[in-house]
Amino acid sequence: MRFLRQPLLHFLVIGIALFALQMYRDATAPIDIEGLDAETRLQLRDDFVRQTGRMPTQIQIVALERQELDSRILYAEALRRNFHRDDAVVLQRLLRDANFLGIEGSDDEKIRTAIALGVHESDEVIRRRMIQRMERLGRGTSSASPTRDDLEQIYESETDRWQVPARLSFQHVFFSADRDADPEGRAQQALEELRSGADSAGFGDPFLHGRAFRDKSYRDMTYMFGSEFSDALAAQPPTVGQWSEPVPSAYGMHLVRVTDIVPATIRSIDDVAAKLEQLWRDDHERQALQAFIEQLRQRYNVVAPGDDV
Amino acid sequence: MRWVWIVWWLLLALPAWSAPPSFERTEERQPCRHYNALKIPLFGDTHVHTRYSLDASTQDTRTTPQQAYRFARGERIGIQPWNDEGKALRSLKLARPLDFAVVTDHAELIGEVSMCNSPSVDGYNAWQCKVYRRWPRAAFFLFNTRASAGGRLGLCGDDGNRCLTAALAPWQEMREAAEQSYDRSDNCDFTSFVGYEWTGASENLANLHRNVIFRNAVVPDLPFSFVDNPTARGLWQNLESSCLDAGTGCDALVIPHNSNLSDGYMFSPQDADGVLLTAEDQAKRSRLERLVEVMQHKGSSECFFGPGQMEDELCAFEQLPYDKFSGKFMNLTRSAPAADDGFLRDVLNDGLKLKKELGFNPYQMGFIASTDTHLGAPGAVSETDFPGHGGAGEPAAANNKGLPDDLEFNPGGVAVVWAEENSRDAIFAAMQRRETYGTSGPRMSVRFFGGWDLDRELCEAPDFVERSYLGGVPMGGQLPPVANPEDPRFIVSALMDPGTLDSPGTALQRIQIIKGWIDDAGNKRQRVYEVAGDANNGASVNPLTCEQSGDGFKHLCRVWTDPHFDPAEDAYYYARVVENPSCRWSQQICVANGVNCANPGTIPRGLEACCSDTHRPVIQERAWTSPIWYSPNTDSLAGDTLNNDTPSEKHSNKD
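Please read all numbers here as calculations on a predicted model, not as lab measurements.

## Quick look at the overall build of chain A
Now for step 1: Within chain A, the secondary structure is distributed over 13 helices and eight strands.
Now for step 2: For 309 residues, the compact-globule formula gives about 19 Å, and the C-alpha radius of gyration of chain A, at 34 Å, lies well above that figure.
Now for step 3: Over its C-alpha atoms, taken along the principal directions, chain A stretches across nearly 115 × 55 × 45 Å.
Now for step 4: The 309 residues of chain A split such that 30% are buried.
Now for step 5: A separation threshold of at least 6 residues defines the contact pool for chain A, and within that pool the share at least 24 residues apart is 70%.

Right, dumping it as structure tokens:
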């Protein structure tokens, strides 16, 4: 065990320990970051006003500023991790900037000079790109999967989303309100004959979308005929095969004869499992990113603007 | 009588069971439950930017392609600003979902030109942008030329993998988003397409932007950007070699947009680098560029209104006050729009002229409209509560009121396609045969046919659609050679937008047919015919309240014959369906804030634009159908509209 007493070994061990300590301190030491100055705060508020047409509330102001600080932190962290030296998009951008500035040399030299000049700090494209990379990192690539319980919970919380509306197939005879003042009167007259078995082809006015429709939801009908039409039909669920009383639309009156109804259903949890998983994953990633940013916030120390950083 | 109905239904259902579809199926999917040989109107948006467009993401647009498609299908999305938990402080939802959408992010990973054009984003003040705005020509070489693109090669490693990987990820996500959003079930509720925007510019920074849309999931490995090649012919060439002629089942079409901002360069005999386009180039163009955006967020490209052309007042609709986007920011390069800037009525006439030289018409393009939203909000075209589309807005003053977008911009329009069903193949084929129209937002339904055998009484016929297909060609088509000594007839039929409960549609005022032709002396001519409705129906809107008054038409139909038809002259005809007057989005905000321009005390800070000279408070929303062309030259015609009007076409579509 003589080699334990070798000074060279001691030297190495102490050296490694010091190096590790330094690494640890580098990785955990608080980092100062400049806070928002008055101009930035005003800018944030103006942007909000421009985008929403409203003054931000106090809570919103706090949120906007917090968000701006977060992107500064993300950017600073990205710089610390040297993303600007290994990201293809950033490098390409730096090279273009360098070319534009007339910096000479090989591509590597151009990039080094551009970084030395701080070009990457004034280039919004690079900043955005680096923040995006940090966010992707923060969202993580966790392979965790939701449990059945998780999926059920999401399924229950969004019941409206899984409804499949009823669909109706129908024919109609159209009486244009542009043609005369009494489309309803003409419709009533025709109705008597239709109910006693007359062929509908001989009645009514031409309609651009034709006379027969298949598998239309009430919503489809609203888009095609106006809400008065779908509302009137929905109000009195029609009997299949019977001509309806006159139904109003955006264009006039209609006699409607429903030929088939596919009732409304609710999609089962298995049916929408893929979608539920996606929702769960989105939420998961959002939380992961929040936790990631929260962690960074602990490390970064916001100092008043103008102080030396 | 029961058997009568059974037979009737059998007859109705027959085409779906027996006849093969009129378009080629190029993908595996469940057939749609319903196939309508007479076609249905499908409403969509073919121009959508999401967070992957740099000029969108620098405005804090976070909508992913997938969320954009969900939005199109009727789901609510959050839009900026966002709080620190990543929740949006504003949200948006369509009153009516779309039937189809195409996310078209910029193929260029970094859209610095657009960014520098947007004073509202941080990067606007970056030194690069300052230089760009001061010396645009110098910046052009920095951003746009092959010299700077060549710099990429040195970065990518010897095998180029690094750059490839960087670009692959977003493209992959766009493709996946399109796939996931596409309804391949027999419901056929929604169709998405893979697409991108090729963001080209000429040397003087005139806009040459084009959207590329792929027919199915077979697409090139990477989008082809203007960094790869800054000329339009480079794009066509690449699409042919990497897609149309690659033998992989890939197919694509190209939709130029904002020719109103092209300063005449988009449809010029020369390409962006000054090289004259050859007949071969033009053939590629006509093979790919089947449609053009007639209107969008950044203005209408239909026709010019101004000195020399004041007869058609409706051309002033959403006309931008400059002819290049850079003119918005640089007074030096700012010039007012002019008749030869690339307005489509003029371009279509140029096409007729070029046909005499080339033997085919390189500008035979149908019309659609779209939004060009930079919020990832396809179909958000309402003039009411317009949140802006992330155009290049000047920051408003620190005031609690202000316009959410620049005064000269608008909510954009809708692309409408007449297709047999809601599937990729059906819609793509309809786009290829140009059976499309554009609207400035409302959803009016418009049919337009031309032919030699259309009955005078067609408007009274319940089966007018069937008979029109038999006796004529639909919008986007080419009239077959003169069949009888009579003049061609056109039928145009339009239903007003029924609207929704909260926002009822506006009645129609009139329908016009616009004819363009080349006269004996070789001059480009255009004429607007009033064919239905009433220009003087007295309908109006009170700009102080936005209240509409007066009657309009719920439905308009007319069979029309060109009184000046000359069988020896090339001509095109398109219909313009015009609504009664309504308040523009900007005026709605002005009114909501109590602005009365007669009383300066009512004009709050931030809303000075309400009373500026350039503000047009009242608009007439409208639809533009694709044109129908007539040509006396019989050798390039076969009575069909697709695939035989240019020499280079090798499609195998059956229709």
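## Here's the deal with the pairing of strand E12 (residues 436-439) of chain B
Residues and elements named next belong to chain B.
Now for step 1: Side chains Thr-436 and Gly-438 of E12 all project onto a buried face; the interleaved residues Tyr-437 and Thr-439 project onto the opposite face, where all are buried too.
Now for step 2: Two strands pair when backbone bridges link them, and strand E11 (residues 414-419) and E12 are joined in this way by four bridges, in the antiparallel orientation. Residue pairing in the sheet places Val-417 in a bridge with Thr-436 of E12.
Now for step 3: Here three bridges tie E12 to strand E24 (residues 622-625), and the two strands are oriented antiparallel to one another. Bridging across to E24, Thr-439 finds its partner in Ala-623.

## Brief notes about the sheet that holds strand E8 (residues 291-296) of chain B
Residues and elements named next belong to chain B.
Now for step 1: An order of E9-E8-E10 is seen for the three strands of this open sheet, with the pairing classed as mixed. Strands at the two margins of the open sheet, each flanked by one partner only, are strand E9 (299-300) and strand E10 (366-369).
Now for step 2: In this structure, E8 lies alongside E10, joined through four bridges in parallel fashion. Counted as the bridge partner of Met-295 is Ala-369 from E10.

## Digging into helix H12 (residues 424-432) of chain B
Residue and element names in this part refer to chain B.
Now for step 1: Within H12, nine of the nine residues are buried, which leaves it mostly tucked inside the rest of the structure.
Now for step 2: Turning to H12, its buried residues number three or more, namely Arg-424, Asp-425, Ala-426, Ile-427, Phe-428, Ala-429, Ala-430, Met-431 and Gln-432.
Now for step 3: Following H12 by one or two positions, Arg-434 has its phi on the positive side, about 65°.

## Re the nonpolar core
Now for step 1: Grouped together as the largest cluster of nonpolar side chains are 155 residues, with contacts concentrated most on Val103(B), Ala252(B), Val417(B), Ile427(B), Val492(B), Ala494(B) and Val577(B).
Now for step 2: Here this core gets seven residues from one element, more than from any other, and that element is strand E21 (residues 571-579) of chain B.
Now for step 3: In contact with Val492(B), not counting residues within four places along its chain, are Phe448(B), Ile511(B), Ile513(B), Val531(B), Ala532(B), Arg558(B) and Ala575(B).
Now for step 4: Counting 21 residues, the second largest nonpolar core, distinct from the first, contains Ala76(A), Leu95(A), Val119(A) and Ile131(A).

## Quick word on the pairing of strand E17 (residues 524-533) of chain B
Residue and element names in this part refer to chain B.
Now for step 1: In this sheet, E17 lies alongside strand E16 (residues 508-518) in antiparallel orientation, the contact comprising nine bridges. Opposite Lys-515, over in E17, you have Arg-527 as the bridge partner.
Now for step 2: Here E16 hands over to E17 after five residues, with Gly-522 in that stretch at a positive phi of 85°.

## A word on the sheet that holds strand E14 (residues 473-474) of chain B
Residues and elements named next belong to chain B.
Now for step 1: The strand order across the open sheet formed by four strands is E14-E13-E15-E20, and the pairing between neighbours is antiparallel. The two strands at the open ends of the sheet, each matched to only one other strand, are E14 and strand E20 (555-561).
Now for step 2: With seven bridges connecting them, strand E13 (residues 445-451) and strand E15 (residues 489-495) associate as antiparallel partners. Residue pairing across strands places Ser-445 opposite Leu-495, the latter belonging to E15.

## Thoughts on the environment of Val578(B)
All names here are of chain B.
Now for step 1: Tracing the chain through its elements places Val-578 in strand E21.
Now for step 2: The class for Val-578 is buried, based on 24 C-beta atoms found within 10 Å.
Now for step 3: Each C-alpha atom, one on Val-578 and one on Gln-509, is 5.7 Å from the other, the two residues being 69 residues apart in sequence.
Now for step 4: Setting aside residues no more than four positions away along its own chain, Val-578 makes contact with Leu-314, Gln-509, Arg-510, Gln-512, Gln-620 and Arg-622.

Calculation rules
Residues numbered from 1 in each chain as written. Chains lettered and ligands numbered in written order. Predicted model: local features only at pLDDT ≥ 70, side-chain atom pairs only at ≥ 80, totals over all residues. Helix = DSSP H or I, 4+ residues; strand = E, 2+ residues; numbered from the N terminus. Rg over C-alpha atoms; globule rule 2.2 N^0.38 Å. Buried ≥ 20, exposed ≤ 12 C-beta atoms within 10 Å, placed from the backbone. Contact = placed C-beta atoms within 7 Å. Pairing = 2+ DSSP bridges. Core = buried A, V, L, I, M, F, W, Y, C linked by C-beta atoms within 7 Å.

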